[in-house]
Amino acid sequence: MALINFDDFYGQSVTIEDQYLYYLQEHLWVQVCQDNVYRFGATHAGVILVNGFKFLDYAVEVADEVDVDDSILFVETFKAMVNLTTPVSGRVFALNDKLVGEGAKILEEKYYEEFMFALKCDGLDEAGVFITAQHYLEALEAGDVDHCGAGARVMRRNR
């Protein structure tokens, strides 16, 4: 595993782990596991964009079937209340119960250590949905796809 550092992300240094794929629209890292299971977590950049987590509650249960854009969890951040949706269709394989309620604060320091949810997705075209760590870095550097709570997209101003 190698870390990629981006030293000027809203005045902070961001790390990106190259072992993961990324879902840019929601700033999620994606770990490809065995048997078509994909674990999703909040990226370091995503944590910075929402200014930290206060509360999390799941909108689904293990074994539920979900489609693209279905609600999977609700999170209250220091900037907004966000309804996180699934980037792919599949079956809910696991939920990280440690994050429920105020446990969401764990994500502020353990963003690459704690997953939020896992989906079992048969026949998923990974390249059609996710991007590599290098492409995620390039998107952050470009500054035109940042997410700022409540689904609003903002343009990052390059200095």
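Criteria and cut-off values
Residues numbered from 1 in each chain as written. Predicted model: local features only at pLDDT ≥ 70, side-chain atom pairs only at ≥ 80, totals over all residues. Heavy atoms only, no water. Phe/Tyr/Trp six-rings, centres within 6.5 Å; stacked < 30°, edge-to-face > 60°. Helix = DSSP H or I, 4+ residues; strand = E, 2+ residues; numbered from the N terminus. Pairing = 2+ DSSP bridges.

*Asks:* Looking at this model, I keep getting lost on the packing of aromatic side chains. Mind explaining?
*Replies:* Aromatic rings considered in pairs are described by the distance between their centres and by the relative angle of their planes. All chains considered together, the criterion is met by 10 aromatic pairs. Plain terms: the ring middles of Y38 and F130 are 6.2 Å apart, the flat faces sit at 40° to each other, and that makes the pair tilted. Note that Y38 is positioned in strand β5 (residues 37-42) and F130 in the loop between α2 (126-129) and α3 (133-142), a separation of 92 residues in sequence. Of the aromatic side chains, those joined through ring pairs into one cluster are Y23, Y38, F40, F117 and F130.

*Asks:* Hey, could you run me through the pairing of strand β4 (residues 28-32) in this one?
*Replies:* In regular strands, side chains alternate between the two faces of the sheet. Pairing between strand β3 (residues 21-23) and β4: three bridges, direction antiparallel. Looking across to β4, one finds that L21 is bridged to V30. Counting the residues that bridge the hairpin from β3 to β4 gives four residues, and of these H27 lies at a positive phi of roughly 55°. In this sheet, β5 lies alongside β4 in antiparallel orientation, the contact comprising five bridges. Opposite L28, over in β5, you have A42 as the bridge partner. As consecutive antiparallel partners, β4 and β5 are separated by four residues, and within that stretch D35 has a phi angle of approximately 60°, a positive value.

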